[in-house]
Amino acid sequence: MTQSQLEKTAHESAVNSHERQRKWWEYFTFNTDHKVIGIQYLVTTFIFYCIGGVMADLVRTELRTPMSDFVEPELYNSLFTLHATIMIFLWIVPAGAGFANYLIPLMIGAEDMAFPKLNALAFWIVPPSGVLLISSLVLGDAPDAGWTSYPPLSLVTGQVGEAIWIASILLLGTSSILGALNFLVTMLKMRAPGIGFHQLPLFCWAMIATSALALISTPVLAGALILLSFDLIAGTAFFNPSGGGDPVVYQHMFWFYSHPAVYIMILPFFGIISEVISTHSRKPIFGYKAIAYSSLAISFLGLIVWAHHMFTSGIPGWLRMFFMITTMIIAVPTGIKIFSWLATMWGGKIRLNSAMLFAMGFIGIFVIGGISGVMLAAVPFDIHVHDTYFVVAHLHYVLFGGSVLGIFSGYYHWFPKITGRMVNETLGKIHFVLTIVGMNMTFLPMHKLGLMGMNRRIAQYDPKFASINEICTYGSYILAISTLPFIINVIWSWMAGRKANNNPWDSLTLEWMTTSPPAIENFESHPFLLVEPYEYGTKRAKEVVALSHTDKPFTNAKSPVLPSDDDESYGAIAEPAAG
């Protein structure tokens, strides 16, 4: 074949491959396409979210009355242990990995992740780990020492259930490490030409901070759990005080991971909120560098605040002061993000669709959780409310009001890109209203329960707390019902929703510069940066948006001549392929 024939054949092959979409059964296989893996993560973790939510409602039903009259106390202990473990390790953490898998290569103009097979392996560790954990209920010996699994309690409860819990968390930690390694290498080494660090979308900055945090802290948790398993199974005494071990050392090792895990759970959704707010406010993001570097600051400070969970464990007073100060300081970079998001919305042409409503709800609810977090950072106050429902309220305002609202905002924002269909906005808004009402009705009264002295992790309590607990329980039912319109919306919209164009939100980040849903190779050829990711309002941005609405695959074969607002030179990101 001549050179021209070879080039023509290669081009036709690329176009045909670009137009081919994945078959439904490929989503149930060991597939190395990052988009398939991202969807596998998002669907699987949502299933675990529903399972963990059922357990939460069983716990709340038990707590509706002061007496233990719905489930046995032993089963109650197992339910709240499994609920917390599932929501953290099988829902929020891997859901962030799901968005990262789907979006990062598209956002940086890459064809796939740096290590596709390792990426698929990271996902396929998750389902069996979850099944293993939940199977402990069937075996009749589920873990019941809480999701912290403090010794010596965890050494004297059910040995089989505790061993299963440790094995499951070790597997999930391995998945997290593999994913973090892949994300970092991909973003550092596979960016398209013209994309420097200051041209990265803020979601990528959030994932850089998250991945670094996971790589540093997760091995410490693995070490703690391995030593705990030796105490449990082999009879050693690393943490067993009856043999000379020190259970406080376990707390240090556990929280060295588990407080950074809070930021591993929230940083990806900080990135999502930055994308959603800028796009649906039709304004450039306010303080791009401040938001980007504040993610790195949170990642660093997150490693030196762990012992604020241990103010009542007997640590020295000077150490309490150090961790109190660092915990308060970490509110500064978080406050920078809140201020920048509000400044971005100020004066913008806000579109109050489902994605934007959840993003705005995220800000309001997370601020409440952040304020109670600063309160808990103060040693005297923390000692007063330690292990009470005030801590439960704070945790859920940060993680449900923060992470989960961020997840739903991301679902609604990128649903057209993932499926090629638009969501039903009416169902989305019903979902939002029910979620906000149920969330606040469930967790806001818990602040008062904590201040009144009600301990957490108990099935029976003083009757004076009954009326508030009843309100919380009914709120949890509303929260459970709120999931139904979302499930109906996703299934109906995916099957029969209105077709979306390539860029329904007129966004400028690279993932919107290809077809919806993206083809297997993402782009027909390597894209180049033409506009900054948040350069809304310029003539060049309008021209790029117009190009993104075309039906042809994108190519960098020719550089479109676009009006320039300055003298900077940009490479071409997109032009319809000839013919």
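Keep in mind the model is a prediction, meaning the values are calculated, not measured.

Caption draft 1: Examining the overall build of the protein chain more closely. Of the regular secondary structure elements, the protein chain holds 18 helices and 0 strands. For the protein chain, whose C-alpha radius of gyration is 25 Å, the value lies close to the compact-globule estimate of 25 Å for 579 residues. Judged by the C-alpha coordinates and their principal axes, the protein chain covers about 80 × 50 × 50 Å. When burial is assessed residue by residue, the protein chain has 58% of its 579 residues classed as buried. In the protein chain, once contacts between residues fewer than 6 apart in sequence are set aside, the share between residues at least 24 apart is 81%. Surface accessibility of the protein chain: about 22,400 Å² in total, with carbon and sulfur atoms responsible for 68%.

Caption draft 2: Examining the packing of aromatic side chains more closely. Taken as a whole and judged by the stated rule, the model has 42 aromatic pairs. Arranged with centres 6.4 Å apart and planes meeting at 85°, the rings of Tyr150 and Tyr250 form a pair that is edge-to-face. Here Tyr150, found in the loop between α5 (126-139) and α6 (153-156), pairs with Tyr250, found in helix α9 (residues 247-281); they are 100 residues apart in sequence, far enough to count as distant. When the centroid spacing of 5.0 Å and the interplanar angle of 65° are considered together, the rings of Trp306 and Phe323 count as edge-to-face.

Caption draft 3: Quick peek at the side chain of His447. By the secondary structure assignment, His447 is in helix α16 (residues 425-452). According to the relative accessible area criterion, His447 is buried, its value standing at 12%. Those residues in contact with His447, other than ones at most four positions away along the chain, are Ser372, Phe390, Ala393, His394 and Tyr397.

Caption draft 4: Main features of unusual backbone geometry. Omega for the peptide link from Pro151 to Pro152 comes to 5°, which places this bond in the cis form. You can see Pro152 is positioned in the loop between α5 and α6. The amide bond that connects Ser516 to the next residue, Pro517, takes the cis arrangement and shows omega of -5°. Residue placement: Pro517 occurs in the loop between α17 (466-496) and α18 (539-548). Backbone geometry places Ser149, a non-glycine residue, at a positive phi of 55°. As for its position among the elements, Ser149 is in the loop between α5 and α6. Non-glycine residue Arg282 carries a positive phi angle of around 55°. If you trace the backbone, Arg282 turns up in the loop between α9 and α10 (288-301). Assessed through its relative accessible area of 25%, Arg282 is described here as partly exposed.

Caption draft 5: Region of interest: the packing of helix α8 (residues 202-234) against α9. Orientation of α8 relative to α9, taken along the N-to-C sense of each, is 160°, at an axis distance of 8 Å. Compared by their axis directions, α8 and α9 come out roughly antiparallel. Of the two possible hands of crossing, α8 and α9 adopt the one that is left-handed. Looking at the contact of α8 with α9, its residues break down into 25 nonpolar, 6 polar and 1 charged.

How each quantity is defined
Residues numbered from 1 in each chain as written. Predicted model: local features only at pLDDT ≥ 70, side-chain atom pairs only at ≥ 80, totals over all residues. Heavy atoms only, no water. Helix = DSSP H or I, 4+ residues; strand = E, 2+ residues; numbered from the N terminus. Rg over C-alpha atoms; globule rule 2.2 N^0.38 Å. Buried < 20%, exposed > 50% of the residue type's maximum accessible area, 1.4 Å probe, protein only. Contact = heavy atoms within 4.5 Å. Areas by Shrake-Rupley, 256 points an atom, 1.4 Å probe, with all protein chains shown as cover. Phe/Tyr/Trp six-rings, centres within 6.5 Å; stacked < 30°, edge-to-face > 60°. Axes fitted to C-alpha atoms, helices over the stretch in contact; angles between N-to-C directions. Parallel < 35°, antiparallel > 145°, perpendicular 65-115°, else oblique. Left-handed = near helix turned anticlockwise from the far one by under 90°. Nonpolar A, V, L, I, M, F, W, Y, C, P; charged D, E, K, R; others polar.

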